[in-house]
Amino acid sequence: MLNQNEAHDDQFGQDLPQRDVAADRSIADRQVADREVPLPGASADGPSLALHAWLDGETGEAEARRADAKQVDLWNRIGAETAARRRMTTPAYVMANVMAALPEASTDARVETQAMLATSVAASAMTEAPGGLSLPIVAMIGAGLFAAGLLVGKMI
Amino acid sequence: MTTTDTETPFPEVDSDQDVISRIIAGDRNLFAMLIGRYSDPLYRHALGMTGSPDVAEDILQTSFIKAYHHLGEVRGRFDAWLFRIVANGCKDWLKNIRRTHLSYDEDDQPSGYASPDEDLDRTELRTDLDDALAQLAPSLREAFIMKHVEGRAYEEMADLLGTTVGALKMRVHRAREALQALLEEKYA
C-alpha cells in the first residue's frame with residue numbers, strides 16, 4: 001500500500017512516471033471523508049433515527065418497529081448478547097491475586113506516615129520559643145542552669 | 001447461617017474516601033472492599049475493549065495494584081479515577097497489540113439458552129459481534145461497550161470520559177451504524 005506522505009519514485013527519480021499530485025490529493029481527501037460516514041457496505045442510511053431513539057431508551061419498541069422491523073429484530077438479538085455480557089463477573093482469583101501482590105501491612109503507608117511524623121517533630125523542634133530562642137537552645141540553657149544549681153548546692 | 005449487619009466485613013456505608021484514608025493509615029486489607037465495589041464493571045469494560053478474558057484480568061490486576069500504590073493521589077471521585085486507569089490500560093494494550101482473532105473463552109460463560117440450536121446460534125452471534133467490535137475504532141468501541149454492555153447513561157459516560165453527551169451520542173450512533181452494516185447481511 002502506498003504511503004501518501006512519501007515520494008513513491010526510487011532514490012534516483014529515474015524511469016518512473018511523474019506523480020499525479022492532484023489525484024493523490026483527491027485520494028487523501030476521500031480517505032479522510034470516509035471516516036466521517038458509515039463503513040463501506042453500510043446500508044444507505046444506517047439505523048433510522050427511530051431506531052437510535054429506541055436504543056437510547058427515548059421511545060418504545062413499537063415506534064422503532066414501525067420504522068424498520070428487521071433492524072429491531074437484529075438489535076434485539078444483539079441486545080440479548082450484550083445483556084449476557086453485562087452479567088459477567090470478575091473471576092474470584094483476580095481479587096486474590098491483587099491482594100497477594102500488595103506490600104504486607106501497608107509498608108508504604110507506614111513509611112510515609114513515619115516520614116511525615118519525623119518531619120513534623122523536626123519542624124516543631126525548630127519552632128522558636130518566646131524571646132527569639134529555639135527550643136533546643138532553651139533546653140540546653142535549662143540543663144546548664146540545673147547543673148550549676150547542683151554544683152552551688154554541693155559547695156554550700 | 002444468617003448474615004447480620006455486624007457480620008458484614010465491608011459495610012457499604014463507608015465512603016470511598018473513608019476507606020482510602022484507613023488504607024493509607026495502614027489497614028491494607030480494606031483495599032479488598034474497593035476491589036469488590038468496582039471490579040465487575042471494570043472487568044466488563046476491559047473484556048469488551050480487548051475481547052480476551054486473560055488480557056482483561058491482567059489489565060484489571062495491574063490497574064488495581066497501580067491504584068493501591070497511588071491512593072494518596074486520588075482527588076475527586078475514586079471510581080472515576082480508577083476507571084481512567086483501566087481505560088488507559090485497555091487503550092495502551094490496543095496500541096501495542098498486533099490484533100489477531102480474539103474471542104471469549106466458551107468455558108467461562110455458562111449457557112442460559114434453552115436448546116442446543118439456540119446455544120449454537122448465540123455462540124455464532126457472539127463471535128460475529130466480537131469480530132465486528134474489533135473492527136471499530138477504539139473510541140467507538142469504548143462508547144458502545146459503555147452504553148450497551150455496561151449499561152451506563154450518557155451523562156455518566158461523559159463524566160468518566162471527560163467529554164460531552166453529544167459527542168458520546170455521536171460515537172454510539174456511529175458504532176451502531178458500523179455494527180449494523182457488518183452484521184445485518186447475516187442476521188437481519
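The present account deals with the structure reproduced in this document. (Residues numbered from 1 in each chain as written. Chains lettered and ligands numbered in written order. Predicted model: local features only at pLDDT ≥ 70, side-chain atom pairs only at ≥ 80, totals over all residues. Heavy atoms only, no water.)

**Topic: the overall build of chain A**
And then number 1: Counting its regular elements, chain A contains 7 helices and 0 strands.
And then number 2: Along chain A, helices (α) and strands (β) appear in the sequence α-α-α-α-α-α-α when read from the amino end.
And then number 3: Counting only residues that meet the buried cut, chain A has 20% of its 156 residues in that class.
And then number 4: Carbon and sulfur atoms make up 61% of the accessible area of chain A, which totals about 11,300 Å². (Helix = DSSP H or I, 4+ residues; strand = E, 2+ residues; numbered from the N terminus. Buried < 20%, exposed > 50% of the residue type's maximum accessible area, 1.4 Å probe, protein only. Areas by Shrake-Rupley, 256 points an atom, 1.4 Å probe, with all protein chains shown as cover.)

**A closer look at the interface of chain B and chain A**
And then number 1: Residue-level contacts link 52 residues of chain B with 47 residues of chain A.
And then number 2: Interface area, chain B with chain A, both sides summed: about 4,500 Å², of which 60% is carbon and sulfur.
And then number 3: Our count for the contact surface shared by chain B and chain A stands at 4 salt bridges.
And then number 4: Among the salt bridges present, the one from B:Asp130 reaches A:Arg85, with a minimum N-O distance of 3.1 Å.
And then number 5: Here chain B is connected to chain A by 21 residue pairs in polar contact (both at pLDDT 80 or more).
And then number 6: Of all the secondary-structure elements, those providing two or more residues to the side of chain B that touches chain A are α1 (16-24), α2 (31-50), α3 (53-69), α5 (116-134), α6 (138-149) and α8 (165-187) of chain B.
And then number 7: For the side of chain B that touches chain A, the leading source of residues is α8(B), giving 13 residues. (Contact = heavy atoms within 4.5 Å. Buried area = accessible area lost by both parts, 1.4 Å probe. Salt bridge = Lys/Arg side-chain N within 4 Å of Asp/Glu carboxyl O. Polar contact = N/O pair within 3.5 Å; in protein donor to acceptor, adjacent residues only side chain to side chain.)

**Examining the nonpolar core**
And then number 1: Counting 48 residues, the largest nonpolar core has B:Ile23, B:Phe31, B:Leu42, B:Phe64, B:Leu71 and B:Phe78 as its most contacted members.
And then number 2: Of all elements in the fold, only α5 (92-101) of chain A together with α1, α2, α3, α4 (78-96), α6, α7 (154-161) and α8 of chain B reach the threshold of two or more residues within this core.
And then number 3: Ranked by size, the runner-up nonpolar core spans 22 residues in total, among them A:Trp75, B:Leu129, B:Ile145 and B:Leu179. (Core = buried A, V, L, I, M, F, W, Y, C linked by side-chain atoms within 4.5 Å.)

**Observations concerning α3(B)**
And then number 1: Look at α3(B): 25 Å from first C-alpha to last across 17 residues, which is about the 24 Å you get at 1.5 Å a residue.
And then number 2: Within α3(B) the residues assigned to the buried category are B:Pro53, B:Val55, B:Ala56, B:Glu57, B:Ile59, B:Leu60, B:Gln61, B:Ser63, B:Phe64, B:Ala67 and B:Tyr68.
And then number 3: Packed against the buried residues of α3(B) are α5 of chain A together with α1, α2 and α4 of chain B. (Expected span 1.5 Å × (residues − 1).)

**Focus: the packing of aromatic side chains**
And then number 1: In total, this model carries 5 aromatic pairs over all chains according to the counting rule given.
And then number 2: Seen in terms of ring centroids, A:Trp75 and B:Phe144 are 6.3 Å apart; in terms of plane orientation they differ by 50 degrees. Their pairing is tilted. One end of the pair, A:Trp75, is in helix α4 (residues 69-86); the other, B:Phe144, is in helix α6, on a second chain.
And then number 3: Taking the centre distance of 6.2 Å and the plane angle of 85 degrees together, the rings of B:Phe31 and B:Phe64 count as edge-to-face. One end of the pair, B:Phe31, is in helix α2; the other, B:Phe64, is in helix α3, and 33 residues separate them in sequence.
And then number 4: Connected via pairs of aromatic rings, a cluster forms that spans B:Phe31, B:Phe64 and B:Tyr68.
And then number 5: The ring of B:Tyr154 carries B:Lys147 above its face, with NZ or CZ at 4.3 Å from the centroid. (Phe/Tyr/Trp six-rings, centres within 6.5 Å; stacked < 30°, edge-to-face > 60°. Lys NZ or Arg CZ within 6 Å of the ring centre and 35° of its normal.)

**Some words on α4(A)**
Residue and element names in this part refer to chain A.
And then number 1: Between the first and last C-alpha of α4 there are 25 Å, a value that for 18 residues agrees with the 26 Å anticipated at 1.5 Å per step.
And then number 2: All buried positions along α4 are accounted for by Gln-71, Val-72, Leu-74, Trp-75, Ile-78, Glu-81, Thr-82, Ala-84 and Arg-85.
And then number 3: Regarding α4, its N-cap is Asp-68, as a side-chain oxygen of that residue lies 3.3 Å from the backbone nitrogen of Lys-70 further along.

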